[in-house]
Amino acid sequence: MSAQQTTDRSAPPGGQVPCSYHPKVMTGLRCSRCGKPICPQCAVRTPVGLRCPDCAGVRGLPTYRTGNTDMLKAIGGGLLVTIVVAVLWRFGPQWGFYLNLILGFGVAEAMAHLARQKRGADLQVAAMAIVAFGLVLSRVLLAQRFGVTLDDLNSLNGYIFNPAVRDAYGFPQSATYLLRVQLLPDIVYMIMPFAISWIRFR
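Now for a quick tour of the structure. Given the structure is predicted, the values throughout are model-derived calculations rather than measurements. (Residues numbered from 1 in each chain as written. Predicted model: local features only at pLDDT ≥ 70, side-chain atom pairs only at ≥ 80, totals over all residues. Heavy atoms only, no water.)

1. Quick look at the side chain of Ser-138
Now for step 1: Structurally, the position occupied by Ser-138 is in helix H4 (residues 121-146).
Now for step 2: According to the relative accessible area criterion, Ser-138 is buried, its value standing at 0%.
Now for step 3: A polar atom in the side chain of Ser-138 sits 2.9 Å from the side chain of Arg-139.
Now for step 4: Discounting residues that sit within four places of it in the chain, Ser-138 has contacts with Ala-86 and Trp-89. (Helix = DSSP H or I, 4+ residues; strand = E, 2+ residues; numbered from the N terminus. Buried < 20%, exposed > 50% of the residue type's maximum accessible area, 1.4 Å probe, protein only. Polar contact = N/O pair within 3.5 Å; in protein donor to acceptor, adjacent residues only side chain to side chain. Contact = heavy atoms within 4.5 Å.)

Have a look at this one:
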């Protein structure tokens, strides 16, 4: 195929159309292989012209810096999800494994949707910071529910038995158990939402 033919195949049949990967972006570019509309953000330059990520054999879209507006929307959505999960944690700490999964996937997918499926280090850092905030907030809410203080946490052998603990468990519990910060398996569970956020936006 000549260079002139490649150029002709890359040209749009007429006018600007929505990008196949970024529907809100209008473009006049087309994949030189399948003819799919592509924009400069997702177009992959090859020796035979611009191609879409699928035809170029690229796994996933290229990463690029998220704009301020999209980033603020993504952060807002992530914070909303993490607050809801933290409140759920206050009432159901025994579901920690599932709440960690919900926190990770909920924050990551909400942010990805509001950032228009962008990826990159800036979204990774923001998502993991929001996850960390959610884990801290959930423990603060648990401490309020069960009357756990910093002195209780500093006491390795201290047990708490107040009306809230009695109603929930029926017998004394350690502060680390009440806040779900024991070494295993709680610490392992806490790693999951961070890993989900990192993988989602890489």
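2. Remarks on the side chain of Arg-139
Now for step 1: Note on placement: Arg-139 falls in helix H4.
Now for step 2: The buried charged residue Arg-139 lacks any salt bridge partner; its closest oppositely charged side chain belongs to Asp-186, at an N-O distance of 5.5 Å.
Now for step 3: There is a polar contact of 2.9 Å between the side chain of Arg-139 and the backbone oxygen of Leu-179. (Lys, Arg positive; Asp, Glu negative; His and termini not counted. Salt bridge = Lys/Arg side-chain N within 4 Å of Asp/Glu carboxyl O.)

3. Structural notes on the packing of helix H3 (residues 96-114) against H4
Now for step 1: Packing of H3 against H4 leaves a shortest axis separation of 10 Å and a crossing angle of 145°. Between H3 and H4 lies a crossing whose hand is right-handed. For the pair H3 and H4, the contacting residues are Asn-100, Leu-103, Val-107 and Met-111 in the first and Leu-123, Ala-126, Ala-127, Ile-130, Val-131 and Leu-135 in the second.
Now for step 2: Residues of the contact of H3 with H4, tallied by class, amount to nine nonpolar, one polar and no charged. (Axes fitted to C-alpha atoms, helices over the stretch in contact; angles between N-to-C directions. Left-handed = near helix turned anticlockwise from the far one by under 90°. Nonpolar A, V, L, I, M, F, W, Y, C, P; charged D, E, K, R; others polar.)

4. A word on the pattern of salt bridges
Side-chain pairs of opposite charge can arise where the charged atoms are in close proximity.
Now for step 1: Summed over all chains, the structure comprises four salt bridges.
Now for step 2: Taking the shortest distance from any N to any O, the salt bridge between Asp-70 and Lys-118 comes out at 2.7 Å. A residue pair is termed long-range when its members are at least 10 positions apart, and Asp-70 in helix H2 (residues 68-91) and Lys-118 in the loop between H3 and H4 qualify at 48 residues.
Now for step 3: Classification of Asp-70 by relative accessible area gives buried; the value is 8%.
Now for step 4: Of the residues examined, Lys-118 reaches a relative accessible area of 7% and is grouped as buried.
Now for step 5: Here Arg-200 and Glu-109 are joined by a salt bridge, their closest N and O atoms 2.8 Å apart. Remark: Glu-109 occurs in helix H3 and Arg-200 occurs in helix H8 (residues 186-200); sequence separation between them is 91 residues.
Now for step 6: On the basis of relative accessible area, Glu-109 is assigned to the partly exposed category, the value being 39%.
Now for step 7: Look at the salt bridges and you will find they share partners, linking Asp-70, Arg-116 and Lys-118 into a network.

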